[in-house]
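# An overview of the molecular structure
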Amino acid sequence: MNADLVVVGSGLFGLTVAERCARDLGLRVLVLERRDHIGGNAYSAPDPETGIEVHVYGTHLFHTSNALVWEYAGRFTSFTPYEHRVYTIFKGQVYPMPINLATICAFYGRALSPGQARDLVARHAVPVAEPRNLEEKAVSLIGRPLYEALIQGYTAKQWQTDPRDLPAEIITRLPVRYTFDGRYFDDTYQGLPSDGYTAWLERMADHPRIEVRAGTDFFDVRDRIAGAVPIVYTGPLDRYFGHAEGELSWRTLDFTVEVAPTPDYQGTAVMNYADADVPWTRVHEFRHLHPERHWYPRDSTVVMREYSRPAARDDEPYYPVNAPADRARLLRYRELARREPGVFFGGRLGTYAYLDMHMAIGAALSMYRNRLRPLFGRR
Ligand code: FAD
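Residues numbered from 1 in each chain as written. Predicted model: local features only at pLDDT ≥ 70, side-chain atom pairs only at ≥ 80, totals over all residues. Heavy atoms only, no water.

- In the nomenclature of an unreviewed UniProt entry, the protein chain is known as UDP-galactopyranose mutase of Sphaerisporangium rufum.
- Here is the UniProt Cofactor (unreviewed entry) comment for the protein chain, exactly as written: "FAD". (UniProt positions renumbered as here; feature names shortened; annotations may be inferred.)

## Some points on the environment of Ala 260
- Turning to its location among the elements, Ala 260 is positioned in strand β11 (residues 250–260).
- The spacing of Ala 260 and Tyr 147 is 113 residues in sequence and 33 Å in space, taken between C-alpha atoms.
- Excluding residues within four positions of it along the chain, Ala 260 makes contact with Tyr 265, Asp 299, Ser 300, Thr 301 and Val 303. (Helix = DSSP H or I, 4+ residues; strand = E, 2+ residues; numbered from the N terminus. Contact = heavy atoms within 4.5 Å.)

## Re the sheet that holds strand β13 (residues 282–285)
- Read across the sheet, seven strands follow the order β7-β6-β12-β13-β14-β11-β15 without closing on themselves; strand pairing throughout is mixed. What marks the edges here is a single partner per strand, and that holds for β7 (93–97) and β15 (319–320).
- Relative to β13, strand β12 (residues 270–273) runs antiparallel, the two being bridged by three bridges. Its bridge partner being in β13, Met 271 is matched across the sheet by Val 283. (Pairing = 2+ DSSP bridges.)

## Structural notes on helix α5 (residues 134–142)
- Counting buried residues along α5, eight of its nine residues qualify, which places the element largely inside the surrounding structure.
- Every buried residue belonging to α5 is among Leu 134, Glu 135, Glu 136, Lys 137, Ala 138, Val 139, Ser 140 and Ile 142, and all of these are buried.
- Here α5 starts with a cap whose side-chain oxygen sits 3.1 Å from the backbone nitrogen of Glu 135, and that cap is Asn 133.
- Positive backbone phi, approximately 85°, marks Gly 143, located one or two places after α5. (Buried < 20%, exposed > 50% of the residue type's maximum accessible area, 1.4 Å probe, protein only. Polar contact = N/O pair within 3.5 Å; in protein donor to acceptor, adjacent residues only side chain to side chain.)

## Let's talk about the packing of helix α3 (residues 101–108) against helix α6 (residues 144–159)
- Running from amino to carboxyl end, α3 crosses α6 at an angle of 100°, the nearest separation of the two axes being 12 Å. Judged by the angle between their axes, α3 and α6 are roughly perpendicular. Here Thr 103, Phe 107 and Tyr 108 of α3 lie close against α6, whose contacting residues are Pro 145, Leu 146, Ala 149 and Leu 150.
- When the residues that make up the contact of α3 with α6 are grouped by side-chain class, the tally is six nonpolar, one polar and no charged. (Axes fitted to C-alpha atoms, helices over the stretch in contact; angles between N-to-C directions. Parallel < 35°, antiparallel > 145°, perpendicular 65-115°, else oblique. Nonpolar A, V, L, I, M, F, W, Y, C, P; charged D, E, K, R; others polar.)

Structure follows, in structure tokens:
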């Protein structure tokens, strides 16, 4: 093997490490990727019929307040000025999310000043010193009417569990904005890669000292690699150790994609469905992410429905469940990881943490600066 470093996984964490080590340290980097494409969950591809860019693993919005991450990402792509907005359908009405002044006015059916809305929400909220479950926590923050409309059914579908049986810690807060600012993120920098996610990700990997082997599972070649050179591992933490401490639990998503024969299906990129009797949680319509792409067809659109459920071992792990049993296991796995010589664990799967893209890039830049550069003799 002609490599100085092996990176397992070509998501944004793995690609950032590979790019920095190849370009800045002059290392030869071998990237192993289990899937047949690079980019991890940020990967996108044009729909074959319409050419509309489909975010294959769910809509991905880039947003950060970290100037270093924004500058780094900007080396590989320019960004459109897209700012994300989300709406929720409940009992035939549409409400903007996260909850803001427009949501509260629409929900209570009248014009309210910020102060009036604040008083109204506070009047309905039922403070509890130690909420015993998610429902009690949510009702203590926003009151029962808003909870029952916008949170209860949606959360039950996301977790396939009654919110009264979910731990209160799942939500630390439910953001309520007492302005008409309906943007989903309030980060300093936000946008979408102008020529798509995959062009961005491919540019990161496009270096003569980086070799990407797609369609290669690390565990199929582990015997030939282990111990030879340092490894940055961004696959599932429990799998690395043969599930010795038990399985860490995840939620997975199922997606169904269709081309709808209409110029515009729902008027926005992401619509949440809060009614418990609608089986999907969200509908994504990708054309709205790029209003500047005038070449998208005018007679059809790509629509993707999202369904949520607990992940079995062979499913794609999407969101860590992080139940008390998981947290206890995670501590034991972290101890095993700390003692594993020559292996650096990182990324969403390798640390069992939900990471947005900017967090994955930021964490990879830190690992590069604080651990890999010193390891390879540069400070
Ligand atoms: P990943 O992107 O998961 O990459 C890990 C890679 O490792 C994968 O390609 C996997 O195939 C590979 N791998 C695993 N095991 C092996 C193995 N044994 N051998 C070889 N390869 C292996 N972030 C945002 O900033 N904005 C969003 O709007 C957003 N939306 C999201 C929506 C969903 C549904 C999900 C699940 C995530 C979303 N994210 C979003 C987060 C984002 O997709 C990534 O999780 C984040 O960029 C972390 O990247 P990563 O490299 O750590 O992990």
